[in-house]
Amino acid sequence: MKRLSVLLALALSLALVLPCAVAEEEKVLNIFTWEGYFDEESLAQFQQETGVKVNYSVFASNEEMLLKLRSGNAGDYDLILASDYAISDLRKAGDLLPLDKSILTNWDNLNPDYLDQYFDPENVYSVPYTAGSPVIVYDPDQVEGEITSFADLWDEQFADGLWIVDDARVMIGETLKMLGYSYNTTDEAQLNEAYEKLCALKPNVRVLNYDFDYYLATGEVKAAYVFTCYATFNCLENPNLVCVFPEEGIGFGIDSIAIPADAQHPQNAHEFINFYLRDDIAAHVAMWQGYLNPNAAADALIDPDFAAMDCFQIPEELLATKEYVEDLGEGESAFQDVWTNFKLY
């Protein structure tokens with residue numbers, strides 16, 4: 001009986017221990033985002049400090065990411081970094097894991113101004129990583145007069161001299177705003193008006209490109225309407241360039257980190273998020289990415305000259321006009337159709 005009692009006690013102790021062993025994650029984290037959006041230096045530091053091996057997979061667009069996550073591959077990824085409207089789409093579909101903020105001990109480092117936005121109220125599922133507003137950048141040595149508005153880009157002096165980003169929602173959105181409409185309208189007549197207006201801009205467009213380059217710094221173009229980071233690094237290369245936020249109103253975006261609902265390594269994902277919420281890591285990210293910094297604790301660690309760059313100084317009156325690219329569901333196709341037709345024009 002004594003032997004039986006010992007065996008039963010041993011079996012019970014194993015039963016208590018085994019669930020913990022099963023719950024212990026392997027030291028692996030599978031990330032899915034744009035190429036280069038997490039820099040190699042900080043990734044190497046995370047791996048060295050935690051022993052977690054990072055596997056980095058890339059997508060070319062939010063749409064590609066959404067398609068892959070919904071094609072039976074969601075369990076392949078433990079962490080994504082994507083645009084706000086894609087996070088909104090995933091959240092509404094129940095495809096994201098709620099964050100365990102008790103693990104995220106660095107959460108309070110975040111700037112409240114970047115939290116509780118439309119795409120994730122109360123930030124149940126996502127963490128802001130970078131933020132920005134598309135901006136007009138021009139070379140005063142090649143441009144006559146002062147540029148103050150998006151409408152100025154239609155001026156004949158910019159014939160074959162503009163760089164615009166190949167992004168349907170950003171370009172059509174700002175054109176709609178210039179015309180007095182919402183960035184996210186799906187009204188057919190308003191979208192047709194935006195299409196006609198964009199077609200009138202086509203003779204001025206020299207570069208239509210989504211990817212980063214130094215077209216402004218090298219003088220290949222006179223002006224551009226581009227993402228914040230494109231402006232940042234062109235202006236660092238050529239400090240004579242001028243940045244202007246369109247007086248008609250601005251678009252705004254926050255790229256955020258989230259965990260897919262079917263993630264196989266959610267503990268490692270939380271550890272990764274908490275690492276990137278550190279003030280020193282966030283400061284490094286801000287200067288490496290060239291976007292607005294959503295981590296308030298990191299502000300004091302960022303080079304003051306860098307933080308003072310014009311591409312980060314959005315006037316308060318324009319911040320009040322900001323609109324996000326919103327998840328439009330089936331309405332998205334109307335924007336893509338307009339953009340395709342514009343590029344073929």
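The notes below deal with the structure included here. (Residues numbered from 1 in each chain as written. Predicted model: local features only at pLDDT ≥ 70, side-chain atom pairs only at ≥ 80, totals over all residues. Heavy atoms only, no water.)

A look at the overall build of the chain
Phase 1: Along the backbone of the chain there are 12 helices and 11 strands.
Phase 2: Projected onto the principal axes, the alpha-carbon positions of the chain cover approximately 100 × 45 × 30 Å.
Phase 3: Buried residues in the chain amount to 51% of all 345 residues.
Phase 4: Within the chain, residue pairs in contact and separated by at least 24 positions form 74% of the contacts whose partners lie at least 6 positions apart.
Phase 5: Looking at the chain as shown, the accessible area adds up to about 15,900 Å², and 50% of this sits on carbon and sulfur atoms.
Phase 6: In the chain, the 18 positive side-chain charges and the 59 negative ones have mean positions that sit 10 Å from each other. (Helix = DSSP H or I, 4+ residues; strand = E, 2+ residues; numbered from the N terminus. Buried < 20%, exposed > 50% of the residue type's maximum accessible area, 1.4 Å probe, protein only. Contact = heavy atoms within 4.5 Å. Areas by Shrake-Rupley, 256 points an atom, 1.4 Å probe, with all protein chains shown as cover. Lys, Arg positive; Asp, Glu negative; His and termini not counted. Charge placed at Lys NZ, Arg CZ, Asp CG, Glu CD.)

Digging into the packing of helix H2 (residues 40–50) against helix H8 (residues 266–276)
Phase 1: At a minimum axis separation of 11 Å, H2 and H8 run at an interaxial angle of 120°. Taken together, the axes of H2 and H8 lie oblique to each other. For the crossing formed where H2 meets H8, the hand is right-handed. Note on element contacts: H8 touches H2 through Asn268, Glu271, Phe272, Phe275 and Tyr276, opposite Ser42, Leu43, Gln45, Phe46, Glu49 and Thr50.
Phase 2: Its residues assigned to classes, the contact of H2 with H8 shows five nonpolar, four polar and two charged. (Axes fitted to C-alpha atoms, helices over the stretch in contact; angles between N-to-C directions. Parallel < 35°, antiparallel > 145°, perpendicular 65-115°, else oblique. Left-handed = near helix turned anticlockwise from the far one by under 90°. Nonpolar A, V, L, I, M, F, W, Y, C, P; charged D, E, K, R; others polar.)

Comments concerning the sheet that holds strand S6 (residues 162–164)
Phase 1: In spatial order, the strands read S7-S6-S8-S5-S9; together these five strands make up an open sheet with mixed pairing. Across the chains shown, the open sheet's two edge strands, defined by having one partner strand only, are strand S7 (205–208) and strand S9 (242–244). Across the sheet, the mean angle from the axis of one strand to that of its neighbour is 20°, orientation sign disregarded.
Phase 2: Pairing between S6 and strand S8 (residues 223–226): three bridges, direction parallel. Looking at the pairing, Ile164 lines up with Tyr225 of S8. (Pairing = 2+ DSSP bridges.)

Quick look at H2
Phase 1: Among the residues making up H2, those that are buried are Ser42, Leu43, Phe46 and Thr50. Angular distribution of buried residues about the axis of H2 spans 105°; they occupy a single face of the element. Away from its buried face, by an angle of more than 90 degrees, H2 presents the exposed residues Glu40, Glu41 and Gln48.
Phase 2: Residues of H2 that are buried in the fold lie against strand S1 (28–33), strand S2 (53–58), H8 and helix H9 (279–289).
Phase 3: Among the residues of H2, the N-terminal cap falls to Asp39, whose side-chain oxygen and the backbone nitrogen of Glu41 are separated by 3.2 Å.
Phase 4: Directly after H2, the chain includes Gly51, whose backbone phi takes a positive value near 80°. (Arc of directions from axis to C-beta. Polar contact = N/O pair within 3.5 Å; in protein donor to acceptor, adjacent residues only side chain to side chain.)

Here we look at the packing of helix H5 (residues 168–178) against helix H12 (residues 332–344)
Phase 1: Across the interface, H5 lies against H12 with an axial gap of 9 Å and an inter-helix angle of 90°. Regarding the angle of H5 to H12, the classification is roughly perpendicular. In this structure, H5 uses Ala168, Arg169, Met171, Ile172 and Leu176 to contact H12, whose residues at the interface are Glu332, Phe335, Gln336, Val338 and Trp339.
Phase 2: Along the lines of polarity and charge, the residues of the contact of H5 with H12 split into seven nonpolar, one polar and two charged.

Some thoughts on the environment of Phe59
Phase 1: Looking at the element boundaries, Phe59 is found in the loop between S2 and helix H3 (62–73).
Phase 2: By relative accessible area, which is 4% here, Phe59 ends up buried.
Phase 3: Not counting chain neighbours up to four residues away, the residues in contact with Phe59 comprise Phe32, Thr33, Trp34, Glu35, Glu64, Met65, Leu81 and Ala82.

Topic: the pattern of salt bridges
Phase 1: Scanning the model with the defined rule gives 11 salt bridges in all.
Phase 2: Residue Lys92 is joined to Asp327 by a salt bridge in which the shortest nitrogen-to-oxygen separation is 3.0 Å. Taken as a pair, Lys92 in helix H4 (residues 84–92) and Asp327 in the loop between strand S11 (323–324) and H12 lie far apart in primary sequence, 235 residues in all.
Phase 3: Note that Glu220 and Arg206 form a salt bridge whose closest N and O atoms lie 3.8 Å from each other. One end of the pair, Glu220, is in the loop between S7 and S8; the other, Arg206, is in strand S7, with 14 residues separating them in the sequence.
Phase 4: The class for Arg206 is partly exposed, based on a relative accessible area of 40%.
Phase 5: One salt-bridge network, in which partners are shared between bridges, spans Glu49, Arg278 and Asp280. (Salt bridge = Lys/Arg side-chain N within 4 Å of Asp/Glu carboxyl O.)

As for unusual backbone geometry
Phase 1: Notably, Asp116 is not glycine yet its phi reads approximately 60°, a positive angle.
Phase 2: One can find Asp116 in the loop between H4 and strand S4 (126–132).

Thoughts on the pairing of S8
Note on strand geometry: in a regular strand, side chains alternate between the two faces of the sheet.
Phase 1: Residues Ala223 and Tyr225 of S8 are buried on one face, and the alternating residues Ala224 and Val226, pointing to the opposite face, are buried as well.
Phase 2: The pairing of strand S5 (residues 135–138) with S8 spans four bridges and is classified as antiparallel. By the bridge assignment, Ile136 is partnered in S8 with Tyr225.

Quick word on the environment of Thr321
Phase 1: Checked against the element boundaries, Thr321 lands in the loop between helix H11 (316–319) and S11.
Phase 2: When the C-alpha atoms of Thr321 and Ile250 are compared, they prove to be 6.2 Å apart, with 71 residues separating the residues in sequence.
Phase 3: Leaving out residues up to four positions away in the same chain, Thr321 has contacts with Lys177, Gly249 and Ile250.
Phase 4: A polar contact of 3.2 Å, which involves the side chain of Thr321, links it to the backbone nitrogen of Ile250.

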